[in-house]
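Chains, contacts and geometry: an overview
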Amino acid sequence: MNKIFLMIIFFSIAVNAQSSDDELVNPKDLIPDIVIDLRYSTADHVFRNLPSGDIALPKFYTCNESLMLNKLVKALKLAQDSLRNIRTYNSKNYPSGIGIKIWDGYRPRAVQYLLFDVYPNPVYIADPTSGSMHNRGGAVDLTLVDLATGDELEMPTLFDDFSSNSSHTNMNLSQEVINNRQLLKDVLTKVAGLKYYESEWWHYNLSDASSYPLMDFQMK
Ligand SMILES: [Zn+2]
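Okay, so let's go over this structure. (Residues numbered from 1 in each chain as written. Predicted model: local features only at pLDDT ≥ 70, side-chain atom pairs only at ≥ 80, totals over all residues. Heavy atoms only, no water.)

Remarks on the coordination of the zinc ion
Around the zinc ion, the protein contributes the donor atoms H134 (NE2), D141 (OD) and H203 (ND1), which lie 2.0 to 2.1 Å from the metal centre. Along the chain, the residues that donate to the zinc ion are spaced as H-x6-D-x61-H. In this pair, D141 sits in strand β7 (residues 139–146) while H203 sits in strand β9 (residues 200–205), placing the two residues 62 residues apart along the sequence. Looking at D141, the relative accessible area reads 1%, which means it is buried. Residue H203 is classed as buried on the basis of its relative accessible area of 7%. (Donors = N, O, S within 2.8 Å, 3.2 Å for Na, K, Ca; no water. Helix = DSSP H or I, 4+ residues; strand = E, 2+ residues; numbered from the N terminus. Buried < 20%, exposed > 50% of the residue type's maximum accessible area, 1.4 Å probe, protein only.)

Regarding unusual backbone geometry
For N90, which is not a glycine, the phi torsion comes out positive at approximately 55°. Mapped onto the fold, N90 is located in the loop between β4 (88–89) and β5 (92–93). Non-glycine residue D160 carries a positive phi angle of around 60°. Within the secondary structure, D160 sits in the loop between β7 and α5 (175–191). Among the residues examined, D160 registers a relative accessible area of 5% and is labelled buried.

And the structure:
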């Protein structure tokens, strides 16, 4: 009897130690050196400068902590574990390796309505009636940083540059920038197994992101 009871306890601990794939988790818990710069929690984002302007995103993004599906975090961990080992790239030295900086992950569906209201272009802002993969916790906006300095690697555009300059097909760039974009794409697609989005070099998602439910709770 006691043996069976102990087995049940050990089984419970083993199960609880791992979050299931569909649980929203903080990427910092699994990847302590990942950099979080949740731009919509600050005044530093493109929607502040549009004509119908300030839509008070910080009301929804109340702190600089991202959430995303555990399955996506596990994929990003594979990417960061690989990037961290790089010491030279593009003739530049990275004494502590290269890392990931997160700009956005899970996004409440209410925010999707706000963004689409300000910028109703479904190439860059998914229609909220069908929802974004960000609303499902299955998408991430990110870039690369030098882990020694925190400096971002130079990329084709700033975050949320809604123009053809952000497309993966944009080759009107220096070779260094093309190589940086390619490093991000290679690691996230080949190591992490994520899908890229042709119109936005910073956006990646789980291949089955659309199979997870739309969510609309406010981050705290
Ligand atoms: Zn995105």
